[in-house]
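Remarks on the overall topology
Listed here are the chains, written in short residue letters.
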Amino acid sequence: MKHSVLKFLFRYMISGVIMASCSQNVSAQYQMLVKTDDGLLYPFNVDRIESVSFLEVEPNENDIDLSVQTIWTGKSIAWFGTSIPAGTSAFRVPIKGNAISVYDSYKVTEKYFTKDEYLLSEYPVIAASLIGAKEIHNESQGSSRITRNATDPRLEIRCKALTNTVQEICSYVWGSYDIDIADRTYRENHDNTIGVTTFLTTTGTWKNFVDMVCVCLRQSYQICLTLRHLISDETQRSRYTADIFGDYYDDVANLLSSVGYTMDDIAGYHAIDLFVIEHSVNDSYTFMYPFSNFSVDSEDVNDFYGAYNKIISEILKYKPSVRIAIISNCGKTSIENADHEDKVSCLKRIAEKWQLPFCQMDLYTNVQWVSQLTQGYWDKEHYWHDSGFEWTEDVENDSFTTNATFNAAFYDESLAVMKAKINPQEINGVWYWEAPSVYLWMFDALHPHSDKSGRLTILIARVLSKWLLTIGNI
């Protein structure tokens, strides 16, 4: 076989067998189909094959090694959302990455993954690797929302609103602290007039305080979106930076330099080919329902439609040809379920207004609020097991024993209360209990990564990797 053909074959081998249909002697321009474990067929022509043999490669502990070429190969992605796509690195993902760079944190830190390394347990990172992206900036932040926040008494949470401006965030920080940059000291101002009662969590060191201020500042779209991913011209960047900081510019510049940082550490530029927006879970119903109170054409960042419109228009203002996608949560939250409303309808309206691709993720998961019986259980480390639930009752003492760990919504020390909540029952010698599947996919019923076995995290990543291939790019 020609060297180029061999190189092609082994480049696309993931695990298992490379499947090809061919004879020992093949005439010129014979077409061969190579099927990879991701289910894709790759046709190509070969001039001549004298003899071919394939070696079956046994997967190692179900790990999947990737080497793919897609429309997003070599492209860059930025992902904006809450703690759900922000994820965690608490469990090993059984998928080895493509060569991909992952950026996160208040300071532009990079972790480079080779095809032999296991990925972070963040489904944006997994999905980006599955489609062969060059890099991903996971700008998602825990407890963040897209609508403006000017009233939360918790300083860090108030700052974690994507449509807050830099000057607003600076006014919150300097308004709740007495800061002396020259002496490198700071003191909580409990007599502040802006309603802050919960301050930043720091170790008490000056550097840690500056780091936390950086965390607050980079929440603003003006930094994490516009400066980091939209404006590349240095002259324009300088003028824009001076404008958004206003009278706080010197204070922030001095604050950064006091610990050896520069503005580029929190706002260095990186070009992006695809922006993904995944906000809704932390945004209050007050800002979107009833529909009659709000317009999908709103320009007010205090409401859900206006905030989304602000972010989308900001992106298109600087990069009209870039690709943008909107993604909904993997299922209803407890509040959405209780109110018999969900935010998908709002996101659909926004996507339709801008003619943007929209992925309704709850259509691809089994995360719902219909109760079902299961013989599975959560262990004490929050790993899910599909079977093996154990249950014994002591009616006389109103107690029970089990190998399962339960979400606080279900657990009670009383046997009678527990039986009313989870309906344990023995069927054909096997114990079952009952709960909505949202509690069976996520231990905390909210975050996919709260299942330390990673089932839902990996499922979402796989779904998104296939869906993103339908968008296309320029």
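Below: a short report on this structure. Every value quoted in this text rests on a predicted model; they were computed, and no experiment measured them.

**Observations regarding the overall build of the chain**
- Helix and strand counts for the chain stand at 16 helices and 20 strands.
- The burial tally for the chain puts 50% of its 474 residues in the buried class.
- Taking all contacts inside the chain whose residues are at least 6 apart in sequence as the whole, residues at least 24 apart take part in 66%.
- Accessible surface for the chain amounts to roughly 21,500 Å². Of this, 48% is attributable to carbon and sulfur atoms.

**Observations concerning empty space enclosed by the protein**
- Per the counting criterion, the structure on display carries six cavities of 30 Å³ or more.
- Its volume calculated, the largest cavity comes out at about 100 Å³.
- Surrounding the largest cavity, 13 residues form its lining, Asn329, Gly331, Glu336, Lys343 and Val344 being those nearest its centre.
- Residues that form the lining of the largest cavity fall into these classes: three nonpolar, five polar and five charged.

**A few points about helix 7 (residues 221-229)**
- For helix 7, a buried count of nine out of nine residues is recorded, marking the element as mostly surrounded by other parts of the structure.
- If you check which residues of helix 7 are buried, you get Tyr221, Gln222, Ile223, Cys224, Leu225, Thr226, Leu227, Arg228 and His229.

**Looking at the sheet that holds strand 20 (residues 430-436)**
- Spatial ordering of the open sheet is given by 14-20-19, a layout of three strands whose pairing is antiparallel. If you trace the sheet from one side to the other, it starts and ends with strand 14 (371-374) and strand 19 (425-427), each paired once. Within the sheet, the average angular offset between the axes of one strand and its neighbour, ignoring direction, is 40°.
- Relative to strand 20, strand 14 runs antiparallel, the two sharing four bridges. The residue bridging Leu373 from the neighbouring strand is Glu434, located in strand 20.

**A word on the environment of Gly472**
- Residue position: Gly472 is located in the segment after helix 16 (455-468).
- Once residues within four sequence positions are removed from consideration, Gly472 is found in contact with Ile71, Trp72 and Arg323.

**Some remarks on the sheet that holds strand 12 (residues 323-327)**
- Read across the open sheet, the seven strands follow the order 7-6-8-4-11-12-13; overall the sheet is mixed. Edge positions in the open sheet fall to strand 7 (109-113) and strand 13 (358-359), since each of these has one partner strand only.
- Bridge count between strand 4 (residues 76-81) and strand 8 (residues 135-138): four bridges; the pairing is parallel. The residue of strand 8 that forms the bridge with Ile77 is Ile136.

**Some words on the pairing of strand 10 (residues 185-188)**
- In terms of strand pairing, strand 9 (residues 177-180) meets strand 10 through four bridges, oriented antiparallel. Residue Asp178 lies in a different strand from strand 10, and its bridge partner there is Arg187.
- Where strand 9 hands over to strand 10, the hairpin turn is made up of four residues, of which Arg184 adopts a positive phi near 55°.

**What to know about the packing of helix 7 against helix 8 (residues 234-245)**
- Here helix 7 crosses helix 8 at 170°, and the two axes come no closer than 12 Å. Classed by the angle they form, the pair helix 7 and helix 8 counts as roughly antiparallel. Packed against helix 7, whose contacting residues are Gln222, Ile223, Thr226 and Leu227, the element helix 8 presents Arg237, Tyr240, Thr241, Ile244 and Phe245 at the interface.
- Residues belonging to the contact of helix 7 with helix 8 are distributed by class as follows: five nonpolar, three polar and one charged.

**Observations regarding the side chain of Thr374**
- Relative to the assigned elements, Thr374 resides in strand 14.
- Within the local environment of Thr374, its side chain forms a polar contact with the backbone nitrogen of Gly376, the two atoms lying 2.9 Å apart.
- Ignoring sequence-local partners within four residues, the contact set of Thr374 consists of Trp384, Trp431, Tyr432, Trp433 and Leu440.

**A closer look at the packing of aromatic side chains**
- A complete count under the given rule lists 23 aromatic pairs for this structure.
- Three or more aromatic residues joined by ring pairs form one cluster here, namely Trp369, Phe389, Trp391, Phe400, Phe406, Phe410, Tyr411, Trp433 and Tyr439.
- For Arg158, the ring lying beneath its charged end belongs to Tyr172, and the centroid distance is 4.9 Å.
- Its guanidinium or amino end placed over the ring of Trp354, Lys353 lies 5.2 Å from that ring's centre, counting from NZ or CZ.

**A few points about the nonpolar core**
- Counting residues in hydrophobic clusters, the biggest one holds 61 residues, and the most contacted among them are Ile77, Trp79 and Leu464.
- Considering every element that reaches this core, the biggest residue donor is helix 16, with eight residues.
- Cys159, Phe199, Cys216 and Ala267 belong to the second-largest nonpolar core, a separate cluster that totals 37 residues.

**A look at the pattern of salt bridges**
- Scanning all chains against the criterion turns up 13 salt bridges.
- A salt bridge links Glu156 to Lys160; the shortest N-O distance between them is 3.4 Å.
- Among the residues examined, Glu156 registers a relative accessible area of 23% and is labelled partly exposed.
- Note that Lys317 and Glu314 form a salt bridge whose closest N and O atoms lie 3.4 Å from each other. Taken together, the positions of Lys317 and Glu314, both in helix 11 (residues 304-318) and three residues apart, correspond to about one turn of that helix.
- Given the relative accessible area of 55%, Lys317 is considered exposed.

**Description of unusual backbone geometry**
- With an omega of -5°, the peptide bond running from Tyr289 to Pro290 counts as cis.
- Its location among the elements puts Pro290 in the loop between strand 11 (274-278) and helix 11.
- At His382, a position not held by glycine, the phi torsion is positive, near 70°.
- Its place among the elements puts His382 in the loop between strand 15 (377-378) and strand 16 (384-385).
- Residue classification places His382 among the partly exposed positions, given a relative accessible area of 24%.
- Of note in this structure, Asp398 is not a glycine but carries a positive phi near 50°.
- For Asp398, the location among the structural elements is in the loop between strand 17 (391-394) and strand 18 (399-402).

What counts, and where the lines are drawn
- Residues numbered from 1 in each chain as written.
- Predicted model: local features only at pLDDT ≥ 70, side-chain atom pairs only at ≥ 80, totals over all residues.
- Heavy atoms only, no water.
- Helix = DSSP H or I, 4+ residues; strand = E, 2+ residues; numbered from the N terminus.
- Buried < 20%, exposed > 50% of the residue type's maximum accessible area, 1.4 Å probe, protein only.
- Contact = heavy atoms within 4.5 Å.
- Areas by Shrake-Rupley, 256 points an atom, 1.4 Å probe, with all protein chains shown as cover.
- 1 Å grid on protein atoms, 1.4 Å probe; cavity = no way out; pocket = protein on both sides within 12 Å on 5 of 7 lines; lining within 4 Å.
- Points joined across faces, edges and corners; volume = space filled by probe spheres on them.
- Nonpolar A, V, L, I, M, F, W, Y, C, P; charged D, E, K, R; others polar.
- Pairing = 2+ DSSP bridges.
- Axes fitted to C-alpha atoms, helices over the stretch in contact; angles between N-to-C directions.
- Parallel < 35°, antiparallel > 145°, perpendicular 65-115°, else oblique.
- Polar contact = N/O pair within 3.5 Å; in protein donor to acceptor, adjacent residues only side chain to side chain.
- Phe/Tyr/Trp six-rings, centres within 6.5 Å; stacked < 30°, edge-to-face > 60°.
- Lys NZ or Arg CZ within 6 Å of the ring centre and 35° of its normal.
- Core = buried A, V, L, I, M, F, W, Y, C linked by side-chain atoms within 4.5 Å.
- Salt bridge = Lys/Arg side-chain N within 4 Å of Asp/Glu carboxyl O.

These figures come from the coordinates and say nothing about function on their own.
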